[in-house]
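Residue strings, one per chain:
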Amino acid sequence: MKRNILKMTTLGFGLMTIFSLSSCDDDEMMVMESPMEKTITFENIVTPKDFVESGSFQGTNTPVIMPGESVSFKFIAGKAQSLMFATMYGASKDWFFASKQPGIKLFDANGNAITGDVSSEVLLWDNGTKDNTTGTVQSNPIDEVPNVNASQLVKLNLSYDIVKSEFTLTIANTSGGTANATPLSPGVWAVSNYNGAQLLNSAPFFTPNALSNPEITDIAQMGSITKMVTKLNTNTGIMTGLSPALVVVYSGNQNPIYQAGQLDSGNGLKEVSQTGNVMKLQTTLKAMPNVKGVYIAGNAPLAPGSKMMTSFSFTPGDKIAYVTMFGFSNDWFYANEQSIDAGTTGDLTSKTTLYDSGTGVNQYPGAGNRQSLFGGTPQAESIVISKVGTQYPVPAVQNVLKVTVN
C-alpha cells in the first residue's frame, strides 16, 4: 500500500513538474511575442540659404560691356520668385544699375511667365559713398539717381523655357549716343529662395535708403564683383521642407513602399513624392497581408530646424520602412535603402537615400514652376524608381534629414 502511495505521489509530482515547466515555456513565449514599442524621429536639419541660384556675367570680348554690346545668362525660377542683378555704371564715381527690390518680377498675377522687354524694371542707384563730382568719400544712404531714365541706357529682355522653368535675361548696353553713355562692368545676379510663404531674402544685395555694404560698394565704385560673388556663393544653395513621414511595420524581405529599378506601382508613392500626401499609400499598405501597422509622423510640412515623430509597435522579426517627400522637388522622396530590423535603435540616417519616383519630369529643386511648392503639377513621365543623381547640387542626405529610433 505504501509502495502504491509512493508511486502515485511520484507520478503526481512528475506531472506537476511537467505542467509547471510547460507553463513557464508558454509564459516566456507569450512575453517574447508581446508587442514592443519604439519611437522614430525625423528632423529637417538643412541649413537655409538666402538664394536658390546665383551667378555672374561679363562681356563677350572683354569683361566690360561697352555701348552697343549685350550679354545673356540663364537662371531658374518658380512662380513666387524674382531676379536681382547689379552692374556698375562705369562712367561714374559710385553708381550702379539694379532693379527694384526684391528683384525683377518674373510672373504675373495669374502665374504666367513674363517675357519680352522688361527694361522698366531697371533703375540707376547712387551708392552714396563718393561725391559724384569730386569723388570725395561720403557716407550717404543708397538712393535713386535723379533725372536719369535707366531704361534708355540699359535694355532688358526675358525669354522663357516653360518645361525647364528657365529664363534667359539679355542685357543690352544702349547708352551710346545719349548724354549718359557708359560702359557696364561685370555683374552679379541671384534668385532668392522661397519657403512656401515668402522669399528668404526680400532685399538682396542692398537696402534702399540705407547705408551701403562692402560688396555693393566694390561694384559701384570699381566694377569689382569679387566680394559679392564670394558672399553669394556662401549664401546660395538648395533647401527643402519635408512632408509628413509614413512608417510601415512589415514581415518578409520586400519593402512594401517601393522597389528600386521598377516603375511606380500606383499604390500611393506617386502622391507622396509629388505632393507629400500619404493618405493613399497608407490605405494601400494597410490592406497588404504582410503589413503589421502603418504610422504617420507629422501633419504638416516640416520646415528646417523642426522635427516630427511617431511611435510604432512591433514583434521580434518585424521590419520597418519609411518615406517622406523632398518637398521642394517634382517627385523625389527619402526612404531607407537598406532593410531595417524593427528592433533597431539609434541613428538610421546612413540607411536613407534620396530617390526619384520617375512619375514627374524633374526641375531645379525649389525653383520649378511645376513643383507643388508653387502650386504646380509635374509633367508626367514613366521611368523606373532610381536614386537622384548629380544633375542638381542637392545637399547630401545627412545634411538635410536625420532619422533616429529610440
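Refer to the structure presented above.
Residues numbered from 1 in each chain as written. Predicted model: local features only at pLDDT ≥ 70, side-chain atom pairs only at ≥ 80, totals over all residues. Heavy atoms only, no water.

Draft legend 1. Molecular detail of the overall build of the protein chain. Each helix and strand counted, the protein chain has 5 helices and 22 strands in total. A compact globule built from 406 residues would reach a C-alpha radius of gyration of about 22 Å, whereas the protein chain, at 31 Å, exceeds it by more than 25%. For the protein chain, the residues scored as buried account for 46% of the 406 residues in total. The long-range share in the protein chain, meaning contacts at least 24 apart out of those at least 6 apart in sequence, stands at 73%. Accessible surface computed for the protein chain: about 19,000 Å², of which carbon and sulfur atoms make up 53%. Side-chain charges in the protein chain split into 25 positive and 31 negative, and the spacing between the mean points of these groups amounts to 7 Å. (Helix = DSSP H or I, 4+ residues; strand = E, 2+ residues; numbered from the N terminus. Rg over C-alpha atoms; globule rule 2.2 N^0.38 Å. Buried < 20%, exposed > 50% of the residue type's maximum accessible area, 1.4 Å probe, protein only. Contact = heavy atoms within 4.5 Å. Areas by Shrake-Rupley, 256 points an atom, 1.4 Å probe, with all protein chains shown as cover. Lys, Arg positive; Asp, Glu negative; His and termini not counted. Charge placed at Lys NZ, Arg CZ, Asp CG, Glu CD.)

Draft legend 2. How the structure looks around the pattern of salt bridges. The final tally for this structure, using the stated rule, is 5 salt bridges. Taking the shortest distance from any N to any O, the salt bridge between Lys-227 and Asp-218 comes out at 3.6 Å. Judged by relative accessible area, which is 42%, Lys-227 ranks as partly exposed. For the salt bridge of Lys-292 with Asp-318, the shortest nitrogen-to-oxygen distance reads 2.7 Å. Residue Lys-292 is found in strand β14 (residues 291-297), and its partner Asp-318 is found in the loop between β15 (307-314) and β16 (319-325); the two are separated by 26 residues along the sequence. Exposure remark for Lys-292: the relative accessible area of 48% places this residue in the partly exposed category. (Salt bridge = Lys/Arg side-chain N within 4 Å of Asp/Glu carboxyl O.)

Draft legend 3. Representation of helix α5 (residues 279-286) in the model. The set of residues buried in α5 consists of Leu-281, Gln-282 and Leu-285. Along the axis of α5, the buried positions cluster into a sector of 105 degrees, meaning they face one direction only. On its buried face, α5 sits against β13 (245-250), α4 (269-275), β14 and β16. (Arc of directions from axis to C-beta.)

Draft legend 4. How the structure looks around the side chain of Gln-371. Here Gln-371 lies in the loop between β20 (352-356) and β21 (386-387). Those residues in contact with Gln-371 that lie beyond four places of it in its chain are Phe-328, Ser-329, Asn-330, Gln-363, Tyr-364, Pro-365, Gly-366 and Gly-376.

Draft legend 5. The arrangement of unusual backbone geometry in detail. Following Gln-101, the chain continues to Pro-102 via a peptide bond in cis, the omega torsion being 5 degrees. With respect to the element layout, Pro-102 can be found in the loop between β5 (95-99) and β6 (104-105). Notably, Asn-147 is not glycine yet its phi reads approximately 65 degrees, a positive angle. You can see Asn-147 is positioned in the loop between β9 (143-144) and β10 (154-161). Its relative accessible area of 83% is what places Asn-147 among the exposed residues. With a phi angle near 65 degrees, Asn-209 is a residue other than glycine that sits in the positive phi range. Position of Asn-209 among the secondary structure elements: in the loop between β12 (187-192) and α2 (214-222).

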